[in-house]
Amino acid sequence: MNRTFTALFVSFTMIAAASADRVSPLLNDMPRLHWQEKAPGVWSAVIGEEEAFTYMDFAGASPKVEALEKMPAVVFPFVKEDTRGAIAANRAVARIPLAPEEKLYGLGLQFQGMNRRGKVYHLRMDHYSSGNERLHAPVPFYVSSAGYGVLFNSPRYIAIYAGVGNRHDSPEFPAPRDRNTDGHWDAQPASDAVEASVVSGGMEVLVFAGPTPLDAIRRYNLYCGGGCLPPKWGLGFWHRMRTHADAAEVLKEVDDFNKRGFPLDVIGLEPGWHSKAYPCTYEWNPMLFPQPADFLNAMTAEGIGVNLWENPYVSPDAGIYDAIKPYCGSHTVWLGIVPDFTLPEAREIYKTQHAGTHVALGVSGYKVDEVDGYDFWLWPDHAVFPSGTSAEVMRQTYGLQMQKMQMEIFRAQNRRTYGQVRASNAGASNYPFAIYTDHYDHRGFVSALINCGFSGVLYTPEIRSAGSPEEWVRRMQTVCFSPLVQLNGWADNTKPWTFEEVENEVREVIKLRQRLLPYMYTAFGRYHFEGTPPIRAMVLEPGYEAAEIVEAGRLDGTDNPYAMAVRKDVADQYMFGDCLLVAPLFTRQKSRDVILPRGRWYDFYTGNYAGGGEVVNVTAPLNQIPLFVKDGGIIPMIPDVDRIAGMGNDTPLEIRHYGETPSTAMLYDDDGVSFDFEAGRYCWQEMTVTRNSQGGLDGRLSEPIGNFVPAYGEATWKFMTK
Ligand code: GAL
């Protein structure tokens, strides 16, 4: 090459690069995504090179194709050409179109607000403290009010610009305004896309069609294998002991529950049960539990499950330490080694130890603690693991890996489990674990309950302590309308009767929860078979309009120099099962507003008409949490039982009907303990209310449909609305 030619070549490329920067046709440098239908109504596109393992792989998700086939036929929810993806700036980037009126929900276990549009989320696994980004379940899945869902299926730290940021070449680029002269200048001009990126050579994007937002969630859950179905006893009352309780203290506690007439289904043991904890040995503490088999037999005889706390960081004093060490990462957590559970050898060692010394003796499940973070507790981002899995991917998926492994232990014994975990992620719908947190804000807890249903995870707003008897009751009421009802006394040694002034109120709501077992179990049946979450945000309920208040921002030289609007995004009431609306009361709140969707709604306790299509202000005595039932709602209940596991085969049913409209609802049943339901051993019954010739209502419970004889005895109908 001669000199002149080289010089010319350089200046030509520089000009070309500069002009490409200045004028680019619409999204020209972002290639279109190519979509492949993976299951009915679920499409996948890959940007760059597919990741070695996605969230779905870590979760081992196996789509419920038959159930997806039964859903409404749908077409791809966007103009395909408008979906784009590229590898740019070392990142895999996806761009999904967004219409001006759409609201976005989800993005994991969020403790604040509901509508995620208009913010940037750097989602990352962590121990929650505040904000919207570091979460116990940073699930990169959102649902649009327009009726579709999108999952960025990459197990990495992800940045999601939820309707924020405008490319100069985007199709709906807004007209710039002059802040000097135009009062409508907007600090955050509308963007016509959701853009998301991970530092990676590729990313899979999955789109889930609706047609409704709830259908999109159902498709997502079904794609993950269907929602989990906990054992029946898991839906009863859980009590965690103080950390250093011994076997005798536990048995005394059980006795106290019996004497005071409080139901009890699971006892949780905290770190003290290990011979050493933080890091853990997974071996019984010989001082506190000298005869673990006898202790567990006594608990089993009482019909009470035992749940063991643990974290997965292995103590040098653990019997499995030497065997598992070659399969551990470079760094430690609390000086315990961190197994690389992507390796079959590590899984085998853990599973054999747990199956043999806990589960075979009767342990009903685990509480998997500390798998989420705080950076200074977890391994650093540069830690290395023997499988070659990066520290980042490990962090995002460790909670998922633990759930999968524990489920395998129990499945091998054909026993269901229900546990707790402090970290989860996309693909987890089928795992019977509820997330919990150390964060202790009652309102935040209710928001998390509402938001968990958008992301295929369950959450328990467990109760630990309270500043007053009133707070104790109000928190207990919220817990009782959640997927897992637990008092965690690990630090405060609290009991349901700790505040004696409100012992009766607390007992009453726990008993109500026990009575709702058939209703709740049916809701989980629907979660499993149809993907419908048992706890749902009101925006998923037909006839509800979210009361999101947007107040104009006032220009202020220091606090609000860009005059951003303030959005009051209220998340404080939710649907529980098919037809029950829950509106918790908080401490010092004597009354509250409840938005009743269009239609007619009735007070759960009295059956009286409460309103419809309006905001009602309600008060409730201390022993009641405001509950409303939609017209035609049918709620099957049992008499109160102290142990769900001890429930006989002919426990009578009381079937309640609310409102004036004849209706039909389904009742689900199976053996409540094994995985036989997966082989078809379950049944549904129709509960039908019709109007008789005298103008009154009659109820009928059908013969079971399916291959199982239901566990309930005689049914009595109660027409609540007179
Ligand atoms: C915390 C956990 C609590 C309790 C405690 C025991 O991390 O969130 O629920 O188990 O550890 O040390």
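The structure we're discussing is the one just above.
Per-chain numbering applies: the sequence of each chain, read as written, is numbered from 1 onward. Thresholds applied to this predicted model are a pLDDT of at least 70 for local features of residues and 80 or more for the giving and counting of side-chain atom pairs; totals over whole chains, interfaces and linings are not thresholded and use all residues. As a rule here, side-chain values cover all heavy atoms of the structure and leave hydrogens and water aside.

**Topic: the overall build of the protein**
Helical segments are the DSSP runs of H or I of at least four residues, strand segments are the runs of E of at least two, and each set is numbered from the N terminus. Counting its secondary structure elements, the protein contains 13 helices and 39 strands. C-alpha atoms define the radius of gyration in this analysis, and the globule rule sets the expected value at 2.2 Å times the number of residues to the power 0.38. For 722 residues, the compact-globule estimate of 2.2 N^0.38 gives 27 Å, and the C-alpha radius of gyration of the protein, at 27 Å, lies within 12% of that figure. Relative accessibility decides the category of a residue: with a 1.4 Å probe and only protein chains considered, values under 20% of the type maximum give buried, values over 50% give exposed, and everything between is partly exposed. Out of the 722 residues belonging to the protein, those deemed buried represent 59%. The long-range fraction of contacts in the protein, counting pairs at least 24 apart against all pairs at least 6 apart in sequence, stands at 73%. Taken together, the 66 basic and 86 acidic charged side chains of the protein have centroids lying 2 Å from each other. Here, residues are in contact when the closest pair of their heavy atoms is within 4.5 Å. Residues scored as charged are limited to Lys and Arg (positive) and Asp and Glu (negative), so that His and the chain ends carry no count. Charge placement uses NZ in Lys and CZ in Arg. For Asp and Glu, CG and CD serve respectively.

**Considerations on the sheet that holds strand S1 (residues 36-39)**
Strand order in the open sheet made by the six strands is S1-S2-S12-S9-S8-S5, with antiparallel pairing throughout. Edge positions in the sheet fall to S1 and strand S5 (104-106), since each has one partner strand and no second. Strand-to-strand twist across the sheet, computed as the mean angle between neighbouring axes with direction ignored, equals 30°. Being paired, for any two strands, means DSSP has found at least two bridges between them. Judged from the seven bridges that link them, strand S2 (residues 42-48) and strand S12 (residues 202-209) form a sheet pairing that is antiparallel. Bridge pairing links Ala-45 to Val-205 in S12. The axes used here are C-alpha line fits, helices contributing only the stretch in contact, and every angle between their N-to-C directions lies in the interval 0 to 180 degrees. The strands touched by helix H4 (residues 213-223) are S1, S2, strand S8 (141-144), strand S9 (148-152) and S12; relative to S12, the strand with the most contacts, the crossing angle is about 125°.

**Some remarks on the site of the ligand**
In the vicinity of the ligand lie 13 residues, with Glu-270, Lys-367, Asp-369, Arg-422 and Asp-438 positioned nearest. Any pair of N or O atoms that falls within 3.5 Å is considered a polar contact. Within protein, one atom must be able to donate a hydrogen and the other to accept it, and sequence-neighbouring residues count only if both atoms are side-chain atoms. Interatomic distance of 2.8 Å between a side-chain N/O atom of Tyr-278 and an oxygen atom of the ligand. Only the protein chains shown count as cover for residues, and the accessible areas themselves come from Shrake-Rupley with a 1.4 Å probe. Here the ligand, which alone exposes 310 Å², has 94% of that area covered by the protein. Taken together, the residues of the shell around the ligand break down into five nonpolar, one polar and seven charged. Whether a residue is near a molecule or strand depends on its heavy atoms: if one lies within 4 Å, it is near. Residue polarity is assigned by list, with Asp, Glu, Lys and Arg as charged and Ala, Val, Leu, Ile, Met, Phe, Trp, Tyr, Cys and Pro as nonpolar; anything else, Gly included, falls into the polar class.

**Brief notes about the pattern of salt bridges**
Between Lys or Arg on one side and Asp or Glu on the other, a salt bridge is scored when a side-chain nitrogen of the former is within 4 Å of a carboxyl oxygen of the latter. A full pass over the atoms with the stated rule returns 48 salt bridges. In this structure, Glu-302 and Arg-643 form a salt bridge, with 2.9 Å as the shortest nitrogen-oxygen distance. Placement of Glu-302 in helix H6 (residues 292-302) and of Arg-643 in the loop between strand S33 (634-637) and strand S34 (651-657) is noted, with a sequence separation of 341 residues between them. In this structure Glu-302 comes out as partly exposed when scored by relative accessible area, which is 31%. Judged by its relative accessible area of 11%, Arg-643 is buried. Across the pair Arg-422 and Asp-438 runs a salt bridge whose closest N-O atoms are separated by 3.5 Å. A residue pair is termed long-range when its members are at least 10 positions apart, and Arg-422 in the loop between strand S19 (419-421) and strand S20 (433-435) and Asp-438 in the loop between S20 and helix H10 (442-452) qualify at 16 residues. Judged by relative accessible area, which is 1%, Arg-422 ranks as buried.

**Considerations on the environment of Arg-515**
The topology assignment puts Arg-515 in helix H12 (residues 503-515). In this view, Arg-515 contacts Pro-636, Met-637, Ile-638, Pro-639, Asp-640, Glu-654 and Arg-656; residues no more than four positions away in its chain are not counted.

**Some words on the environment of Lys-718**
Looking at the secondary structure, you find Lys-718 in strand S39 (residues 712-719). Judged by its relative accessible area of 38%, Lys-718 falls in the partly exposed class. Considering only alpha carbons, one finds Lys-718 and Asp-556, 162 residues apart in sequence, at a separation of 59 Å. Not counting chain neighbours up to four residues away, the residues in contact with Lys-718 comprise Glu-654, Ile-655, Arg-656 and His-657.

**A few points about the side chain of Arg-592**
Its place among the elements puts Arg-592 in strand S28 (residues 591-596). Residue Arg-592 is classed as buried on the basis of its relative accessible area, which comes to 3%. When sequence neighbours within four positions are dropped, the list of residues in contact with Arg-592 reads Asp-572, Gln-573, Ala-583, Pro-584, Leu-585, Phe-586, Val-616, Asn-617 and Val-618.

**Digging into the sheet that holds strand S11 (residues 193-199)**
Pairing within the open sheet is mixed, and its six strands lie in the order S3-S4-S11-S10-S6-S7. At either end of the open sheet lies a strand with only one pairing partner, and these are strand S3 (84-88) and strand S7 (134-135). Two elements, strand S6 (residues 119-125) and strand S10 (residues 158-162), share five bridges in a ladder whose sense is antiparallel. Bridging across to S10, Lys-119 finds its partner in Ala-162. Its contacts with the sheet put helix H9 (residues 391-412) on S6 and S7, and the angle it makes with S6 is roughly 80°.

**Points about the packing of H10 against helix H11 (residues 469-480)**
At a minimum axis separation of 11 Å, H10 and H11 run at an interaxial angle of 10°. Regarding the angle of H10 to H11, the classification is roughly parallel. Across the interface between the two elements, His-442, Phe-445, Val-446 and Leu-449 from H10 touch Arg-474, Arg-475 and Thr-478 from H11. Looking at the contact of H10 with H11 residue by residue, the class counts come to three nonpolar, two polar and two charged. Here is the rule for angles: anything less than 35 degrees is roughly parallel, anything more than 145 is roughly antiparallel, 65 through 115 is roughly perpendicular, and the remaining ranges are oblique.

**Description of the nonpolar core**
Core analysis: the biggest nonpolar cluster contains 219 residues, and Phe-152, Leu-269, Trp-379, Met-476, Phe-481 and Ile-635 have the highest contact counts within it. Counting residues per element, this core draws most heavily on H9, at ten residues. The residues contacting Met-476, other than those within four sequence positions of it, are Phe-237, Ile-463, Leu-487, Pro-496, Val-506, Val-509 and Ile-510. The term nonpolar core refers to a set of buried residues drawn from Ala, Val, Leu, Ile, Met, Phe, Trp, Tyr and Cys, joined through side-chain atoms within 4.5 Å.

**Section: the packing of aromatic side chains**
For Phe, Tyr and Trp, where Trp contributes only its six-membered ring, two rings pair if their centres lie within 6.5 Å, and the inter-plane angle classes them as stacked under 30 degrees, edge-to-face over 60, or tilted in between. Applying the stated criterion across every chain, the model contains 52 aromatic pairs. Site record: aromatic cluster; members linked through ring pairs are Tyr-278, Trp-309, Tyr-313, Trp-334, Tyr-374, Phe-376 and Trp-377. Note on criteria: charge over ring means Lys NZ or Arg CZ within 6 Å of the ring centre, with the direction from the centre no more than 35 degrees off the ring normal. Above the ring of Phe-675, the side-chain terminus of Arg-411 is found at 4.3 Å from the ring centroid.

**Let's talk about the packing of H12 against helix H13 (residues 517-530)**
Where H12 meets H13, the closest approach of the two axes is 5 Å, and the angle between their N-to-C directions is 55°. Taken together, the axes of H12 and H13 lie oblique to each other. Counted together, Arg-513, Gln-514 and Arg-515 of H12 and Leu-517, Pro-518 and Met-520 of H13 form the full contact between these two elements. Looking at the contact of H12 with H13, its residues break down into three nonpolar, one polar and two charged.

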